[in-house]
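Residues per chain, in single letters:
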Amino acid sequence: MEVSVIGSSQTKLGASDLASREVGLCNLKTFKVLSDRVSFGQNNRWKKAGIRFTLRALRTEPVREEQKRSGPGTISKTVDGVRLFVGLPLDAVSYDCNSINHARAIAAGLKALKLLGVEGVELPIWWGIVEKESMGEYDWSGYLAIAEMVQKVGLKLHVSLCFHGSKRPNIPLPKWVSQIGESQPNIFFTDKSGQHYKECLSLAVDNLPVLDGKTPVQVYQSFCESFKSSFSPFMGSTITSISMGLGPDGELRYPSHHQLPSKTEGAGEFQCYDQNMLSFLKQHAEASGNPLWGLGGPHDAPTYHQSPYSSGFFKDGASWESTYGDFFLSWYSNQLIAHGDCLLSLASSTFGDSGLTIYGRIPLMHSWYGTRSHPSELTAGFYNTANKDGYEPVAQMFAKNSCKMILPGMDLSDAKQPKENHSSPELLLAQIMAACRKHEVKVSGQNSSESGVPGGFAQIKKNLAGDNVLDLFTYHRMGASFFSPEHFPLFTEFVRSLKQPELHSDDLPTEEEEGAESTVLSHESSVSMQAA
């Protein structure tokens, strides 16, 4: 298969019938499905958005009906066994009515990805959409419709269960949970100044009956069981893997940087000041014989926007290296690992008989990695310093639950990082991967930027090659910037550059099919996408 994304022409995708709903992202005025190709019509409304992408197929391998179905014989591109997925839009399903957003754009995108040789797509499923109005009332309709679309195209589906809210897109926690939080704000993470992080429940309430008499873990389990039942026709065939949401942005971490423009500035703040976290800290301090250590977090830690060395805690030889520092950082980290263990265990027990691979995502807190104290990692909950490997116990926890680990930041290189915060994504990735290799935990990679970073594709290929433990890479994420003329050609070239399997003679195009390809090349069309 050879696919190019240049000029303005038409892509041969094989016989199919795609959805034709009105959408916000790609409102196609004319959409023709011919016997051997798909033609995308033009709409002047898109030109105003200033975003266009075009596809051109050169010597495109015919997509036969038997290849569209999943199962033995499906052709996908790999690098030493690494499978390639692409994330669907975060707002693929509407918050207001649980219907598909950008339906025709997604349908067209799925066919393009199938043509390129991508194995599957990742679908975020939001707690705040499915169980929005009241506990135990689920509406899966929009997500079921997407699963059916993916199945018809012949792609695989990786599902991410999102038990957090997000400001982009604007998807909050379920309404009934937020209402409880109004009268019980201590169900949320809290920082030293008393600010509550309302996009995720505090891990301290995992097993407390704070949700109308039920614990969050019980609510998560009911959600997972409803998902399993509702999507049973797709399990093990179309849906092959699932990510369990573990915290803010789905990651296993504290929301230590939520007041910062990005996770690479400042040191962040410890999130141990909600009533329940303080209660656990107090109990732990008393049990250790140092009750005064349980009154709160480190008094000499900086605030979100301050340099980690603007106050005493993270300086060399300061509090973080003291007996008290070890006490607090060990407790803080162990709380996070216990939370991850609880939720991954829940996922494994719920989906263990479904043939699904279970994943969990951890962050890449790479700023200040070049310092001895690693402050960004410490505030996020990873007790990783010049004196201690904080990822060994995390990898052990994943191995215990037979789960695979998702690592973002595969597109980041040290050379492109600002010098002032001593960042090193490459060295941090290497450390985490070493811990995963030691404990035989497979790693799935992701990129960090939807719009791409300089040299990002080359860095991804570097991470996919060699003696790594990667088994899957998910590129984030389908949308207007993904299909832009600045980005999509680079993505297509990236996919084409991956190692391709040899084709059997039966898979080669016939003279008739080659003639059809010439017809494809002679007909030009364009697709314009506007952001949601």
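Here the structure is a predicted model, which is why all the values come from computation and not from measurement. (Residues numbered from 1 in each chain as written. Predicted model: local features only at pLDDT ≥ 70, side-chain atom pairs only at ≥ 80, totals over all residues. Heavy atoms only, no water.)

A. The arrangement of the overall build of the protein chain in detail. Across its full length, the protein chain carries 15 helices and 16 strands. Roughly 20800 Å² of accessible area belongs to the protein chain as shown, and the carbon and sulfur atoms make up 49% of that amount. (Helix = DSSP H or I, 4+ residues; strand = E, 2+ residues; numbered from the N terminus. Areas by Shrake-Rupley, 256 points an atom, 1.4 Å probe, with all protein chains shown as cover.)

B. Region of the structure containing the environment of Lys282. Turning to its location among the elements, Lys282 is positioned in helix H8 (residues 275–287). For Lys282 and Leu292, which are ten residues apart along the polypeptide, the C-alpha to C-alpha distance reads 8.3 Å.

C. Quick look at the pattern of salt bridges. Going through the model one piece at a time under the given rule, you end up with 17 salt bridges. Residue Arg83 is joined to Asp471 by a salt bridge in which the shortest nitrogen-to-oxygen separation is 3.3 Å. In this pair, Arg83 is assigned in strand E6 (residues 83–87) and Asp471 in strand E15 (residues 470–475), connecting sequence segments 388 residues apart. Under the relative-accessibility criterion, Arg83 is labelled partly exposed at 21%. Between Asp353 and Lys228 there is a salt bridge whose closest N-O contact spans 2.7 Å. (Salt bridge = Lys/Arg side-chain N within 4 Å of Asp/Glu carboxyl O. Buried < 20%, exposed > 50% of the residue type's maximum accessible area, 1.4 Å probe, protein only.)

D. Main features of the environment of Phe163. Along the polypeptide, Phe163 turns up in the loop between strand E8 (156–162) and helix H6 (175–183). Put simply, Phe163 and Leu173 are ten residues apart on the chain and 7.6 Å apart in space, counted from C-alpha to C-alpha. Those residues in contact with Phe163, other than ones at most four positions away along the chain, are Trp127, Leu173, Tyr220, Phe223, Cys224, Met244 and Gly245. (Contact = heavy atoms within 4.5 Å.)

E. Focus on the sheet that holds strand E11 (residues 239–244). Ordered in space as E6-E7-E8-E11-E12-E13-E14-E15, the eight strands form a closed barrel in which the pairing is parallel. Sheet twist, expressed as the mean angle between neighbouring strand axes with direction ignored, is 30°. Both E8 and E11 contribute to a ladder of five bridges, which runs parallel. Within E11, the position partnered with Leu161 by the bridge is Met244. (Pairing = 2+ DSSP bridges. Axes fitted to C-alpha atoms, helices over the stretch in contact; angles between N-to-C directions.)

F. Quick peek at unusual backbone geometry. Cis geometry marks the peptide bond from Arg168 to Pro169; its omega dihedral reads 0°. Summarising the element assignment, Pro169 is placed in the loop between E8 and H6. In this model, His476 is joined to Arg477 through a cis peptide bond whose omega is 0°. Among the structural elements, Arg477 can be located in the loop between E15 and helix H14 (488–497). One non-glycine residue, Asn98, lies in the positive phi region at around 55°. Tracing the chain through its elements places Asn98 in the loop between E6 and helix H3 (103–116).

G. Looking closely at the pairing of E15. Counting buried positions along E15 gives six out of six residues, so the element sits mostly inside the fold. The pairing of E6 with E15 spans four bridges and is parallel. The partner of Arg83 across the bridge, within E15, is Leu472. Pairing of strand E14 (residues 443–446) with E15, which is carried by four bridges, proceeds in the parallel orientation. Residue Val443 lies in a different strand from E15, and its bridge partner there is Leu470.

H. Fine view of the packing of aromatic side chains. Under the counting rule described, the total for this entry stands at 38 aromatic pairs. Plain terms: the ring middles of Phe270 and Phe313 are 5.8 Å apart, the flat faces sit at 85° to each other, and that makes the pair edge-to-face. Of this pair, Phe270 sits in the loop between E11 and H8 while Phe313 is found in the loop between H8 and helix H9 (323–351), placing the two residues 43 residues apart along the sequence. We note that Phe270, like Phe313, is buried. Note on Tyr475 and Phe491: the rings are 5.2 Å apart at their centroids and 50° apart in plane angle, and the pair reads as tilted. Taken as a pair, Tyr475 in strand E15 and Phe491 in helix H14 lie far apart in primary sequence, 16 residues in all. For Phe491, a relative accessible area of 0% puts it in the buried group. Put simply, the rings of Trp127, Tyr138, Trp140, Phe163, Trp176, Tyr220, Phe223, Phe227, Phe231, Phe234 and Phe351 pair up and form one aromatic cluster. (Phe/Tyr/Trp six-rings, centres within 6.5 Å; stacked < 30°, edge-to-face > 60°.)

I. Up close: empty space enclosed by the protein. Applying the stated criterion to the full structure yields six cavities of 30 Å³ or more. By volume, the second largest cavity amounts to about 60 Å³. Considering the residues around the second largest cavity, the lining is formed by Phe163, Cys200, Leu201, Ser202, Leu203, Asp206, Tyr220, Gly245, Leu246, Gly247, His339 and Leu343. Going through the elements one at a time, strand E10 (196–201) and H9 are the ones with two or more residues in the lining of the second largest cavity. Classifying every residue of the lining of the second largest cavity gives seven nonpolar, four polar and one charged. (1 Å grid on protein atoms, 1.4 Å probe; cavity = no way out; pocket = protein on both sides within 12 Å on 5 of 7 lines; lining within 4 Å. Points joined across faces, edges and corners; volume = space filled by probe spheres on them. Nonpolar A, V, L, I, M, F, W, Y, C, P; charged D, E, K, R; others polar.)

J. Representation of H14. Along H14, the positions that sit buried rather than exposed are Phe488, Phe491, Thr492, Phe494 and Val495. The buried residues of H14 occupy an angular sector of 160° when projected down its axis, which confines them to one face. (Arc of directions from axis to C-beta.)

K. Just helix H12 (residues 425–438), in detail. Compared with an ideal rise of 1.5 Å per residue, which puts 14 residues at 20 Å, H12 spans 20 Å between its outermost C-alpha atoms and is within 8% of the ideal. All buried positions along H12 are accounted for by Pro425, Leu428, Leu429, Gln431, Ile432, Met433, Ala435 and Cys436. Contacts from the buried residues of H12 go to helix H10 (375–380), helix H11 (392–400), strand E13 (404–407), E14, helix H13 (456–464) and E15. Glu440, located one to two residues past H12, shows a positive phi value of around 60°. (Expected span 1.5 Å × (residues − 1).)

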